[in-house]
Amino acid sequence: MDKPTNYPPGLLGVVTRIVASRPGAWFVINISAKIDPPLLKASKGRLSSLPGQSVLLLQHTGAKSAQRRETPLVYALDGDDIILIGSKGGSTSHPAWYHNLVKTPACQVIAHRRSGNYVATTATGTERDRLWNIATKVYAGYDTYQSRTAGREIPVMLLRRQS
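Note that the structure is predicted; figures quoted are calculated from it, not measured. (Residues numbered from 1 in each chain as written. Predicted model: local features only at pLDDT ≥ 70, side-chain atom pairs only at ≥ 80, totals over all residues. Heavy atoms only, no water.)

J.: I would appreciate a short explanation of the packing of aromatic side chains in the present structure.
T.: Where two aromatic rings form a pair, the distance of their centres and the angle of their planes describe that pair. Applying the stated criterion across every chain yields a total of four aromatic pairs. With a centroid separation of 4.9 Å and an interplanar angle of 80°, the aromatic rings of Tyr139 and Tyr142 are classed as edge-to-face. On the accessibility criterion, Tyr142 (5% relative accessible area) is buried. Ring plane angle 45° and centroid distance 5.9 Å describe the contact between Tyr139 and Tyr145, whose orientation is recorded as tilted. Residue classification places Tyr139 among the buried positions, given a relative accessible area of 4%. Its relative accessible area of 5% is what places Tyr145 among the buried residues. Within the aromatic cluster, the residues linked to one another by ring pairs are Trp132, Tyr139, Tyr142 and Tyr145. (Phe/Tyr/Trp six-rings, centres within 6.5 Å; stacked < 30°, edge-to-face > 60°. Buried < 20%, exposed > 50% of the residue type's maximum accessible area, 1.4 Å probe, protein only.)

Laid out in structure tokens, this is it:
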């Protein structure tokens, strides 16, 4: 059974509960991932299939294929930096985009007022904990996902704008 989480009130809480459920996570991974890239591109990062959530389009390089990949992701902010959580809906394995950024940290982001070139690093220790706390305030479902991972620590990535 999933660990109870303190979801936000109102419509955002309803959306969070749905998305944090196993069927909701499946929808995001398999359906939203196809709908959101053209929506995010056309709206310059303003529209996605997840109402009330901040969603960006991460453009990254495949670790094995070296091909260009695009992944829509919920994000949080730490000042000018972007926080990404490698939850994969609570899966026992890390998402492909995480492996790709570990191998090739340079990436591009399409997001409302945040589009540009970034470099990714994996947060560790107290920095990871601090960023995790920020991210769970934006999307409370991450705590639910962590309870499903069979002991896998969900990675936290920090994206810093490239000058």
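J.: Any chance you could explain the pattern of salt bridges here in plain terms?
T.: Any two side chains of opposite charge can pair, given that their charged atoms come close. According to the stated counting rule, one finds six salt bridges in the structure shown. In this structure, the salt-bridge partner of Lys41 is Glu70, at a minimum N-O distance of 3.0 Å. Here Glu70 lies in strand S2 (residues 68-74) and Lys41 lies in helix H2 (residues 22-42), a separation of 29 residues in the sequence. Of the residues examined, Lys41 reaches a relative accessible area of 40% and is grouped as partly exposed. Residue Glu70 is classed as partly exposed on the basis of its relative accessible area of 32%. Taken together, the shared-partner salt bridges in this structure form one network comprising Asp78, Glu127 and Arg130. (Salt bridge = Lys/Arg side-chain N within 4 Å of Asp/Glu carboxyl O. Helix = DSSP H or I, 4+ residues; strand = E, 2+ residues; numbered from the N terminus.)

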